[in-house]
Amino acid sequence: MVVNLPDELWLDIFDLAVDDADLLDHALPTAFSEASWFKTLYGDWSLRSAQESVNNAQRRSYATKKAIMSTCRTWRRLGYEFFYRFLFFSNPRNIQRVCALMDRDKDLGWWTKRLHVTRYFAGGGATMETTQNSLVSIIRHCPNLEIFVVNWPLSNTLQAIGDALCTFCSRSLRVLHINIPTSSLAKFIFMLQCLPELVTAHIEFDGTPPEQIHLGAAGDLAITLPSLRHLSLRGPFQDFLEEAIGWSMPSLRSLGLDFVNHRDDFPDLMEFLRVHGAELTFLDLNIIPTLDVPAILDLCPLLTTFTFNPDWRIPGWEHHPFLESSIVRRPHANITTIGLHHLLYAFGVGYAATYDRVDPFATQMIRRRNDVNFAALNKRNFPRLERIRILNTTLLSDLEANNGPSQQCYERWERWWRQCRKEGVRLEDCTGETLGTLPMDPEDEETESVVEEGEPPLSSLRELLMECKRMNAQREMDVTPPALRMIYAGTSRLS
């Protein structure tokens, strides 16, 4: 290694080699973060979530840094700045090891900007108390920490970890991803009061909320979060959302709500949007109970991205001249992207195929709602609409496993495609590809055919062309052609 170059130049080279600047992004994955296909050890296709992709990127980053630092002493000396910039733990014993290193060399934590603890299996050789103490000690050594992500529930450790963050990182912390018990809401509110520089907050609530929650002095706090732009909540968040109605969040632009499988005791979302919705540009509603979509869209005039559950019974379609739900009171001028959650029953695959045989009436009712809600996603209601994305990863996996929609639901598939083609709207799945573009083995890619933009991927003409191509190839080899299997879904990847 050339040793007469300045350290600054070698540091720039190291930075370019590891290429992990995206991990310092102050935005967390959302419902629109793209999933990706990968092959399992059993040879099956599966979907990897955006969060799993981030985890893999951190692992690759570690491997690259270790490889570079092992080449010579100079790289090892210079590489510490990058090696400790991100701390990613999937094993509690590693938390203790890093804690011991930072206790010996107190300068290591100066470089740390991201601390991520992902879920791990119990029995990792460390007690919860030991892990908590080690994690708190690491936070104490990281005065420049910007991103703190913990994917496992902080049941008995919230107060200790919260105190550490508020004491040592209150001015530097920008991103908080945390999982807390519903019963610890008061502690968390006090914690938020001490983190005024937060830009992004993702809070998951674990457990059943108590019938009557006692917030004490926390209920009277006038929280001000001047920099908070992205807020997402998951689980039984009703008490938190109703408390947040009275808070000051002038920079809030993105709101994501995932009520999981809860159906009762939904909070007063309309009142929250009356206070905080006027400046929102992104609203993600992954919720089972039906909400008043026209009123929500009126309260959020600047939205450019909106997601909802098309299984909802949005009234008005019975008397609508175009047999579509009354999803807006007036055309929404700014929405360009609409995301659709659920839709498990729309194409007759997976669990819905079984449930259809058990209760066909209920299934048909849900599909009817899907049809009238999808029909409302047009340029009359959304003049600037550019794309519709189906967000459910389970649905896409079921379509891949079933080799396409069921015969019973194929007409719906084609009808939705015709509507999008007519409106000039791109219809996508959760990977960002056009709906129906599924993964292919290398041998399938060789037979890939080209279809026009907007054409449904399932095409009898495409199947015929593929069959003829295979038969011609076999005829040249003077071999009896094998049975040709149907290939589902958009072999061409439309841009």
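All figures in this text were calculated on a predicted structure; none of them were measured in a lab. (Residues numbered from 1 in each chain as written. Predicted model: local features only at pLDDT ≥ 70, side-chain atom pairs only at ≥ 80, totals over all residues. Heavy atoms only, no water.)

Visitor: Would you explain the environment of V260 in this entry?
Guide: Following the sequence through the fold, V260 ends up in the loop between β9 (254–258) and α9 (269–276). Owing to a relative accessible area of 26%, V260 belongs among the partly exposed residues under this scheme. Along the primary structure V260 and I288 are separated by 28 residues, whereas in three dimensions their C-alpha atoms are 7.8 Å apart. (Helix = DSSP H or I, 4+ residues; strand = E, 2+ residues; numbered from the N terminus. Buried < 20%, exposed > 50% of the residue type's maximum accessible area, 1.4 Å probe, protein only.)

Visitor: Any chance you could explain the sheet that holds β9 here in plain terms?
Guide: Hydrogen bonding along the main chain pairs the strands of a sheet, whether they run parallel or antiparallel. Pairing is parallel across the open sheet formed by 12 strands, whose spatial order is β3-β4-β5-β6-β7-β8-β9-β10-β11-β12-β13-β14. Edge positions in the open sheet fall to β3 (86–89) and β14 (426–428), since each of these has one partner strand only. Averaged over neighbouring strand pairs, the angle between their axes works out to 10 degrees when direction is ignored. Here strand β6 (residues 175–181) runs beside strand β7 (residues 200–206); their pairing, made up of seven bridges, is parallel. Bridge assignment links I178 to a residue of β7, and that residue is I203. (Pairing = 2+ DSSP bridges. Axes fitted to C-alpha atoms, helices over the stretch in contact; angles between N-to-C directions.)

Visitor: Looking at this model, I keep getting lost on the layout of surface pockets. Mind explaining?
Guide: Rolling a probe over the atoms, with the probe sized like a water molecule, indicates the empty space that remains. Each pocket or cavity is described by its volume, and for the largest pocket that value is around 1,600 Å³. T30, A31, R234, D258 and N286 are, among the 49 residues lining the largest pocket, the residues nearest its centre. Of all the elements in the fold, those that place two or more residues in the lining of the largest pocket are β2 (45–48), α2 (50–69), β6, β7, β8 (230–234), β9, β10 (282–286) and α13 (393–402). Looking at the lining of the largest pocket, its residues break down into 19 nonpolar, 22 polar and eight charged. The volume enclosed by the second largest pocket comes to roughly 400 Å³. Along its surface, the second largest pocket is lined by 19 residues, and D22, L23, S53, V54 and A57 are the ones closest to its centre. At eight residues, α2 tops the list of elements feeding residues into the lining of the second largest pocket. For the lining of the second largest pocket, a count of residues per class yields nine nonpolar, four polar and six charged. (1 Å grid on protein atoms, 1.4 Å probe; cavity = no way out; pocket = protein on both sides within 12 Å on 5 of 7 lines; lining within 4 Å. Points joined across faces, edges and corners; volume = space filled by probe spheres on them. Nonpolar A, V, L, I, M, F, W, Y, C, P; charged D, E, K, R; others polar.)

Nothing here speaks to function; it is geometry throughout.
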